[in-house]
Amino acid sequence: MRDLVSVIVPVYNVAPYLPRCLKSLTEQTYRNIEIILVDDGSTDASGAICDLWADRDERIRVLHKPNGGLSDARNWGLERAEGAYVCFVDSDDWCGSRYIEIMLGALLETDSDLVECDYACVEDDTAVPPDDQDRYDHQVYTDRDCFHRFLTNVFFVSVCNKLYRRVLVENAPFRLGVYHEDEYWTYRIFSRARRACRLQYTGYYYYQRQGSIVHTTPSCKRLNDAFRAGRERIEFIEAQYPEYAAIGYSKMMYTCMYLFSESGRGFFPQQHAVQRELVSYFRVMLRKYLKRGQYRREMWRFCCFCLFPKGYCRLNY
């Protein structure tokens, strides 16, 4: 287990939260890591904090770059990573002290290409349990079943809470200039995986911060980026995994329903056009779904939304 693990941390204007993240990484029980801090043009003290911690710990490398967004920062780190294994940590989140040790141990034990653990949504005063078990239960999936389990929500879409073999994610850059970049990236990585391990261990702590990307009022671009990611995923499934098409259609319909609901949380000039497009595409998916003749237990939801989208969302979101 002496293999080098690269931990890539995009940093942008997170000065109040960054020390907690870096403390959790520098105190990992698995010591053979490089911590790549990509300062994405921060305008607060984040860049100086990165440099200060790099002076304290020789395993930290700091890359200062002009602002290019989260995807660009992750790509910068990934291109410069030297480890045989890679993980991503957001700069306002943190990890349990044995996170790398446990994740790498599971990956090597199961000969997997990636391993994923549970994550916990936390606030400042949330008590974090210790990583004190000798062994955690896990499940391993192989070949095309890796993608199937991703589609059926056994695995999460987030790029964090995972450890990857570097060869799995090489030549797989994140999409630039989009929100919901994980939605564009993760399913393609699972399609590459020969073996994937799901670990029943909570080692990643996702900080619920107001003002972060996912807590921002929906805009036309945010909604369109999420919608576009879903459409691209459907096209990928139809081309590469036709046996899972019905599952893909179902997931896409739920995506349309959620985005329709989100579009009603604020007002923007293209709101009604976005809603019309979502309902129109939902009906396309519904027709394809019906032709498959599968998973009919969901039909009452789909029919209600198809007929009364606003009423359905008011009652269910």
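Positions within a chain are numbered from 1, following the residues in the order the chain's sequence is written. At least 70 in pLDDT is required for a residue's local features to be given in this predicted model, at least 80 for side-chain atom pairs to be given and counted, and no such filter applies to totals for whole chains, interfaces and linings, which use all residues. Note that water and hydrogens are dropped before the side-chain values are worked out from all heavy atoms of the structure.

(A) Quick look at the overall build of the protein. Here a helix means four or more residues in a row that DSSP labels H or I, a strand means two or more in a row labelled E, and each is numbered from the N terminus. Each helix and strand in the protein was counted, giving twelve helices and nine strands. C-alpha atoms define the radius of gyration, and 2.2 Å times the number of residues to the power 0.38 defines the globule rule. For 317 residues, the compact-globule formula gives about 20 Å, and the C-alpha radius of gyration of the protein, at 20 Å, lands near that figure. Over its C-alpha atoms, taken along the principal directions, the protein stretches across nearly 60 × 45 × 40 Å. Here the protein, with 317 residues, has 52% of them falling under the buried criterion. Note on definitions: a residue-residue contact is assigned when non-hydrogen atoms from the two residues lie within 4.5 Å. Taking the contacts inside the protein whose residues are at least 6 apart along the sequence as the reference set, 82% of them involve residues at least 24 apart. Positive residues here are Lys and Arg, negative ones are Asp and Glu, while His and the chain termini are left out of the count. Think of each charge as sitting on NZ of Lys, CZ of Arg, CG of Asp or CD of Glu. Between the mean site of the 42 positive side-chain charges and the mean site of the 43 negative ones, the protein shows a separation of 9 Å. Between buried and exposed lies partly exposed: a residue is buried under 20% and exposed over 50% of the maximum accessible area for its type, with that area taken using a 1.4 Å probe on protein chains only.

(B) Seen up close, the packing of helix H9 (residues 245-263) against helix H12 (residues 309-316). Direction vectors running N to C along H9 and H12 enclose 85°, while the axes themselves pass 10 Å from each other. Comparing their axes, H12 and H9 come out roughly perpendicular. In this structure, H9 uses Met 257, Phe 260 and Ser 261 to contact H12, whose residues at the interface are Pro 309, Lys 310, Tyr 312 and Cys 313. Residues that form the contact of H9 with H12 fall into these classes: five nonpolar, one polar and one charged. Think of each axis as a best-fit line through the C-alpha atoms, taken over the contacting stretch in the case of a helix, with angles from 0 to 180 degrees between the N-to-C directions. The labels follow the angle: roughly parallel below 35 degrees, roughly antiparallel above 145, roughly perpendicular from 65 to 115, and oblique for the rest. Amino acids are sorted into nonpolar (Ala, Val, Leu, Ile, Met, Phe, Trp, Tyr, Cys and Pro), charged (Asp, Glu, Lys and Arg) and polar (every other residue, Gly among them).

(C) Representation of unusual backbone geometry. Even without a glycine there, the phi angle at Asn 13 is positive, about 50°. When you line up the elements, Asn 13 lands in the loop between strand E1 (5-11) and helix H1 (18-26). In this model, Asn 161 sits at a positive phi of 60°, which is unusual for a non-glycine residue. Examined against the element boundaries, Asn 161 turns out to sit in the loop between helix H5 (144-151) and strand E8 (162-165). By relative accessible area, which is 0% here, Asn 161 ends up buried.

(D) Summary view of the environment of Gly 41. Tracing the backbone through its elements, the reader meets Gly 41 in the loop between strand E2 (33-40) and helix H2 (46-56). In sequence terms Gly 41 and Tyr 12 are 29 residues apart; their C-alpha atoms lie 6.7 Å from each other. Not counting residues up to four positions away in its chain, the partners in contact with Gly 41 are Tyr 12, Lys 65, Pro 66 and Asn 67.

(E) Region of interest: the packing of aromatic side chains. The aromatic pairing rule takes the rings of Phe, Tyr and Trp, using the six-membered ring of Trp, and pairs them if the centres are within 6.5 Å, calling planes under 30 degrees apart stacked, those over 60 edge-to-face and the rest tilted. This model, assessed by the stated rule, comprises 30 aromatic pairs. Ring centres of Phe 147 and Tyr 241 lie 4.1 Å apart, and the angle between their planes is 5°; on these two criteria the pair is classed as stacked. Placement of Phe 147 in helix H5 and of Tyr 241 in the loop between helix H8 (220-240) and H9 is noted, with a sequence separation of 94 residues between them. Accessibility classification places Phe 147 together with Tyr 241 in one group, the buried group. When the ring of Phe 282 is compared with that of Phe 302, the centres are 6.0 Å apart and the planes differ by 75°; the resulting orientation is edge-to-face. Taken together, the positions of Phe 282 in helix H10 (residues 271-292) and Phe 302 in helix H11 (residues 299-307) put the pair 20 residues apart, joining distant regions of the chain.

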